[in-house]
Amino acid sequence: MSTDLTAPAPPRPDVAGIQRRTVRLLFLTQIIGGIGVTIGISVGALLAARVAGTALAGLAQSAGVVGAALLAIPVTRLMTARGRRPGLVLAYAVGAVGGVLVVVATATRLVPLLFVGMLLFGGGTAANLQARYTAVDLAEPHRRGRQLSLVVWATTIGAVAAPNFAALADETTRGWGLPALAGPFAFSAVAFTLTAVVLLVLLRPDPLLTARRLTAAEPAAGAAPAVARRGGMAAAWRTVRGRPAARLGIAAVAVGHLVMVAVMSMTPVHLGEWHSDADVLPVVGLVLSLHIAGMYALSPVVGWLTDRFGRRPVILGGVALLLAACAVSGTAGHSTPLLSVGLTLLGLGWSGTMVAGSTLLSESVPTADRPGVQGLSDLLMGLAGAGAAAASGFVMRAVGYPTLTLLAAIAVVPLVALALRRTGTAPLDEED
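All of these numbers come straight from a predicted model, not from anything done at the bench.

The rules we used
- Residues numbered from 1 in each chain as written.
- Predicted model: local features only at pLDDT ≥ 70, side-chain atom pairs only at ≥ 80, totals over all residues.
- Heavy atoms only, no water.
- Helix = DSSP H or I, 4+ residues; strand = E, 2+ residues; numbered from the N terminus.
- Buried < 20%, exposed > 50% of the residue type's maximum accessible area, 1.4 Å probe, protein only.
- Contact = heavy atoms within 4.5 Å.
- Phe/Tyr/Trp six-rings, centres within 6.5 Å; stacked < 30°, edge-to-face > 60°.
- Lys NZ or Arg CZ within 6 Å of the ring centre and 35° of its normal.
- Salt bridge = Lys/Arg side-chain N within 4 Å of Asp/Glu carboxyl O.
- Arc of directions from axis to C-beta.
- Axes fitted to C-alpha atoms, helices over the stretch in contact; angles between N-to-C directions.
- Parallel < 35°, antiparallel > 145°, perpendicular 65-115°, else oblique.
- Left-handed = near helix turned anticlockwise from the far one by under 90°.
- Nonpolar A, V, L, I, M, F, W, Y, C, P; charged D, E, K, R; others polar.

## Re the overall build of the protein
Part 1: Of the regular secondary structure elements, the protein holds 16 helices and zero strands.
Part 2: For the protein, the residues scored as buried account for 53% of the 432 residues in total.
Part 3: Pairs at least 24 residues apart make up 84% of the contacts formed inside the protein by residues separated by at least 6 positions.

If you want it as structure tokens, here you go:
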């Protein structure tokens, strides 16, 4: 017998099949994880006010935002070393521990423990954010925007459904002896735990590790194989600094989030200036619901536009919507319908910068560097949002809501200049 030296090499894995399963799994876990995040956030300020006092309620809420940003660092380091699955599982597990600590802090009235719990609770948000990048690892270049936006859109279902579960969760857990408002965080812990288990069992093969193997098996001419690279945020920044397209992507995500949070966080306060206590909550609920719909409901359309017309045009379109939102909101006066239009435009602008910016960032860096760079993006986005939320209150008190929207619009100007600068933005799918 002779050996056939012309026998074909082992076939490539079914990338399309792996990608379909990955996106379906992410869609499901985003719904469950989104419920976990939103059901806790929906009562977080009220719970913090009862445990820590009204003065510290805002800081407790901000702790969750900062926690999500800071947790991006260890999570992405783990992803760089071992893939998406352990990183996402770790983030959800930390969020579950945070939810449990919030419940314990509520029962014991321990304010420091409450802040620690809220900080760790941000792990759920960190996982939700990182999931959008997981959808891009094996996506075809002409479908990356749509795949990423589909995972973002799944968050809508959880975000809309969760507040309706908060009262049921609170009522149910009171029967178990838990204090008022602790129940939603107990349910959040359960949701995060369930999501972590589902991902641990079903997110196989790991999409990031599969992408690395494919890149190593088919390197571009003169390219080095894809391998996990060590380094933290400093190394990630060096990678971004040398790639103008990556800088634009990371700036679009951070600036879009900063503008959105600055205007959105003070809108309820602005509404309270001319609505009575009996009317303000329903009005705030309606306006913010339209805002959330603008953020998430049309994200698949934004993803399609990103793939059809390019990343940079959609980023500029998002910027235009953010500027329009600031103009409409700042000149709305006491008109709730106009303010509703402004907040809807604000959500749509955020969606454009988030989806197109995240897609551009992911495809502009080598596969081995993506987790670290994506973690840097989420870190900067979270810190930008937390800073905007903290500063907006002082600005609102000092100069009023219209001036706040004007300053938010001015913050977009550097992003416009960066987006209009003509640089190469071709996808980088191989290591360099």
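## A word on the packing of aromatic side chains
Part 1: This structure, assessed with the given rule, holds six aromatic pairs.
Part 2: Both rings, one in W304 and one in F309, keep their centres 6.2 Å apart while their planes meet at 90°; by these two values the pair is edge-to-face.
Part 3: Relative accessible area serves as the criterion here: at 49%, F309 is assigned to the partly exposed category.
Part 4: One aromatic cluster is present, formed by Y92, F121, F185 and F192 through successive ring pairs.
Part 5: R308 extends its terminal NZ or CZ atom over the ring of F309, reaching a point 5.0 Å from the ring centre.

## Considering the environment of V263
Part 1: Here V263 is to be found in helix α9 (residues 244-271).
Part 2: Here the alpha-carbon distance between V263 and C326, two residues 63 residues apart in the chain, equals 7.7 Å.
Part 3: Ignoring anything within four residues of it in the chain, the contact list for V263 reads C326, L346, Y401, T405 and A408.

## Considerations on the pattern of salt bridges
Part 1: All told, the structure shown has six salt bridges when counted by the stated rule.
Part 2: The partner of R132 in a salt bridge is D378, with the nearest N and O atoms 3.1 Å apart. With R132 in helix α4 (residues 111-134) and D378 in helix α14 (residues 370-399), the pair connects residues that are 246 residues apart, well separated along the chain.
Part 3: Since its relative accessible area comes to 2%, R132 is described here as buried.
Part 4: Between R311 and E363 there is a salt bridge, and its shortest N-O distance comes to 2.8 Å. In this pair, R311 is assigned in helix α12 (residues 311-330) and E363 in helix α13 (residues 336-363), connecting sequence segments 52 residues apart. Both residues of the pair, R311 and E363, count as buried.
Part 5: One network of salt bridges, in which partners are shared, links R144, R146, D307, R311 and E363.

## Examining helix α8 (residues 233-241)
Part 1: Within the sequence span of α8, burial applies to M233, A236, T239 and V240. Along α8, the residues classed as buried sweep out an arc of 115° about the axis, all on the same side.

## Some details on the environment of I32
Part 1: You can see I32 is positioned in helix α1 (residues 15-52).
Part 2: Here I32 is in contact with A191, L194 and T195, once residues within four sequence places are set aside.

## Side note on the packing of α12 against helix α16 (residues 413-420)
Part 1: Contact geometry of α12 with α16 gives a least axis separation of 10 Å together with a crossing angle of 160°. Taken together, the axis directions place α12 and α16 in an arrangement best described as roughly antiparallel. For the crossing formed where α12 meets α16, the hand is left-handed. Residues R312, L316 and V319 of α12 form the contact with α16, whose participating residues are L415, V416, L418, A419 and L420.
Part 2: A class-by-class count of the residues in the contact of α12 with α16 yields seven nonpolar, no polar and one charged.

## Looking at the packing of α12 against helix α15 (residues 401-410)
Part 1: Between α12 and α15, the shortest axis-to-axis distance is 8 Å and the interhelical angle comes to 170°. When the axis of α12 is compared with that of α15, the two are roughly antiparallel. Contact residues: α12 offers L323, C326, S329 and G330, while α15 offers Y401, P402, T405, A408 and A409.
Part 2: Its residues assigned to classes, the contact of α12 with α15 comprises six nonpolar, three polar and no charged.

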